[in-house]
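Structural overview
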Amino acid sequence: MRICVFCGSSDGRHERYREAGRALGSMLAKAGIGVVYGGATIGVMGAVADGALAEGGEVIGVIPEAMMTVEIAHHRTDLRVVGTMHERKALMAELSDAFIALPGGIGTMEEVFEVWTWAQLGYHGKPVSLLDIDGYWDALHRFVDHMVHEGFLRAAHREMLIIEDDASTLLERLKQYQPPKVDKLLRSEER
């Protein structure tokens, strides 16, 4: 099994984000789960890779050629260099059985929303999740609930996004995940 970890190439304001990244990478490696990630040595991304590598885990980094110096490619990983960001995301998704997002910026959010949308449309049945470090994802969680309340997202599709603040609990939920059997489109009577 491999899990794709989306997260920031920045450290964030607090050391706890890097610590959480390193701990998640370590936990996955100890569980025999490979890590697929964005290929950088810096930020939370680098911490995830370093945590997994310290435990002898499989780490596949996927990075666009243009980002090799910007994000400082992690050459101790099984580094896959691609041409574009689209190719990066597609290969990361192809290589992974599940997705976890740690704190990050708009790139992280875009990656999560894309794979969640793919799941909603039935393109894959892989679980998509957020590891909520100290309430980082709380505002997004509330907004997603608002989307359901306002009739733009089915409750079943909202439930496809797993949110946990404990990495072990999250991993267990990913292992037990079964995708819902529901149409993508909301009909007017469901709103």
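What counts, and where the lines are drawn
- Residues numbered from 1 in each chain as written.
- Predicted model: local features only at pLDDT ≥ 70, side-chain atom pairs only at ≥ 80, totals over all residues.
- Heavy atoms only, no water.
- 1 Å grid on protein atoms, 1.4 Å probe; cavity = no way out; pocket = protein on both sides within 12 Å on 5 of 7 lines; lining within 4 Å.
- Points joined across faces, edges and corners; volume = space filled by probe spheres on them.
- Helix = DSSP H or I, 4+ residues; strand = E, 2+ residues; numbered from the N terminus.
- Axes fitted to C-alpha atoms, helices over the stretch in contact; angles between N-to-C directions.
- Left-handed = near helix turned anticlockwise from the far one by under 90°.
- Contact = heavy atoms within 4.5 Å.
- Nonpolar A, V, L, I, M, F, W, Y, C, P; charged D, E, K, R; others polar.
- Expected span 1.5 Å × (residues − 1).
- Buried < 20%, exposed > 50% of the residue type's maximum accessible area, 1.4 Å probe, protein only.

A few points about the layout of surface pockets
Space inside the largest pocket adds up to approximately 200 Å³. Around the largest pocket, the lining comprises 19 residues; the ones closest to its centre are Cys7, Met45, Glu71, Gly107 and Thr108. The element contributing the most residues to the lining of the largest pocket is helix H4 (residues 106-120), with 5 residues.

Topic: the packing of helix H1 (residues 15-30) against helix H2 (residues 43-54)
Look at H1 against H2: their axes get within 7 Å of each other, and the N-to-C directions meet at 35 degrees. Here H1 runs over H2; the crossing is right-handed. Taking contact as the criterion, the partners of Tyr17, Arg18, Gly21, Arg22, Gly25, Ser26 and Ala29 in H1 are, on H2, Gly43, Val44, Ala47, Val48, Asp50, Gly51, Ala52 and Ala54. Of the residues contributing to the contact of H1 with H2, the split by class is 7 nonpolar, 5 polar and 3 charged.

Some remarks on H2
Owing to its 3.6 residues per turn, the α-helix brings residues three or four apart onto one side. The terminal C-alpha atoms of H2 lie 17 Å apart, and with 12 residues this matches the ideal 16 Å at 1.5 Å per residue to within 8%. The element H2 is extensively covered by neighbouring structure, given that 11 of its 12 residues are classed as buried. Those residues of H2 lying buried are Gly43, Val44, Met45, Gly46, Ala47, Val48, Ala49, Asp50, Gly51, Ala52 and Leu53. Those residues of H2 that are buried are in contact with strand S1 (2-6), H1, strand S2 (34-37), strand S3 (59-64) and helix H3 (85-95). Where H2 terminates, the next one or two residues include Gly56, which has phi positive at roughly 75 degrees.

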